[in-house]
Amino acid sequence: MLPTPRISSVAARPDPVAVITRFVAELEGHAERAASAAREGRAVDALRAAGAMQMLLHAQAGALRDALTAAQSKRVALETRLAVRKALDGALAPLGRSVRALEAQARARQARQAAIGAALRAAAAVPAPTRSYAALGRTAGAKHLAVTA
């Protein structure tokens, strides 16, 4: 039997900074699509973009976990750990802003729809005047007429 070559786990791992940078760029693209769709009133497209964000997070979870572990591991070179931390700090702030903007738009739309619903309920609660022909005739002082065919 031939000996199995040993593969260093460090060499097999992708660059954690590149993983984080690529993930954030893709996530920001989806977030921008969701925000523009929400601004334009295209709820289905906004929902699809939000779903794409979740699918991206689910697909990249393992690689992101490895990249975050590299930022904390003492076995990884200090320069790499610092670069990962810098990439995280630079990426999380814009991403947080775009997510907060999406949340604000959703809250504004929800408040607008709640106000419309309240106005419709208030309009429906006002009693409508009786619209029967008999009531109209009585109010006008008319006599009852017999209709024969």
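Before any of the text, the structure's been laid out above.
Basis of the calculations
- Residues numbered from 1 in each chain as written.
- Predicted model: local features only at pLDDT ≥ 70, side-chain atom pairs only at ≥ 80, totals over all residues.
- Heavy atoms only, no water.
- 1 Å grid on protein atoms, 1.4 Å probe; cavity = no way out; pocket = protein on both sides within 12 Å on 5 of 7 lines; lining within 4 Å.
- Points joined across faces, edges and corners; volume = space filled by probe spheres on them.
- Helix = DSSP H or I, 4+ residues; strand = E, 2+ residues; numbered from the N terminus.
- Nonpolar A, V, L, I, M, F, W, Y, C, P; charged D, E, K, R; others polar.
- Salt bridge = Lys/Arg side-chain N within 4 Å of Asp/Glu carboxyl O.
- Buried < 20%, exposed > 50% of the residue type's maximum accessible area, 1.4 Å probe, protein only.
- Axes fitted to C-alpha atoms, helices over the stretch in contact; angles between N-to-C directions.
- Parallel < 35°, antiparallel > 145°, perpendicular 65-115°, else oblique.
- Left-handed = near helix turned anticlockwise from the far one by under 90°.
- Contact = heavy atoms within 4.5 Å.

(A) Spotlight on the layout of surface pockets. Counted as a void, the second largest pocket has a volume near 240 Å³. What lines the second largest pocket is A34, A38, G41, R42, A43, A46, V99, L102, E103, Q105, A106 and R109. Listing elements by their share of the lining of the second largest pocket, those giving two or more residues are α2 (16-39), α3 (43-59) and α5 (78-125). A total of 6 residues in the lining of the second largest pocket trace back to one element, the largest contributor, which is α5. By residue class, the composition of the lining of the second largest pocket is 7 nonpolar, 2 polar and 3 charged.

(B) A look at the pattern of salt bridges. Considering all chains together, one arrives at 4 salt bridges under this definition. Across the pair E40 and R42 runs a salt bridge, and its minimum N-O distance is 2.7 Å. Residue class for E40 comes out exposed when judged on its relative accessible area of 54%. A single salt-bridge network, built from bridges that share partners, covers E40, R42, D45 and R48.

(C) Summary view of the packing of α2 against α5. Running from amino to carboxyl end, α2 crosses α5 at an angle of 10 degrees, the nearest separation of the two axes being 10 Å. On the basis of the axis angle, α2 is roughly parallel to α5. Note on packing geometry: the crossing formed by α2 with α5 is left-handed. Here P16, V17, I20, V24, L27, E28, A31, A34, A35, A38 and R39 of α2 lie close against α5, whose contacting residues are T80, A83, V84, A87, L88, A91, P94, L95, S98, L102, Q105 and R109. Residue composition of the contact of α2 with α5, grouped by class: 17 nonpolar, 3 polar and 3 charged.

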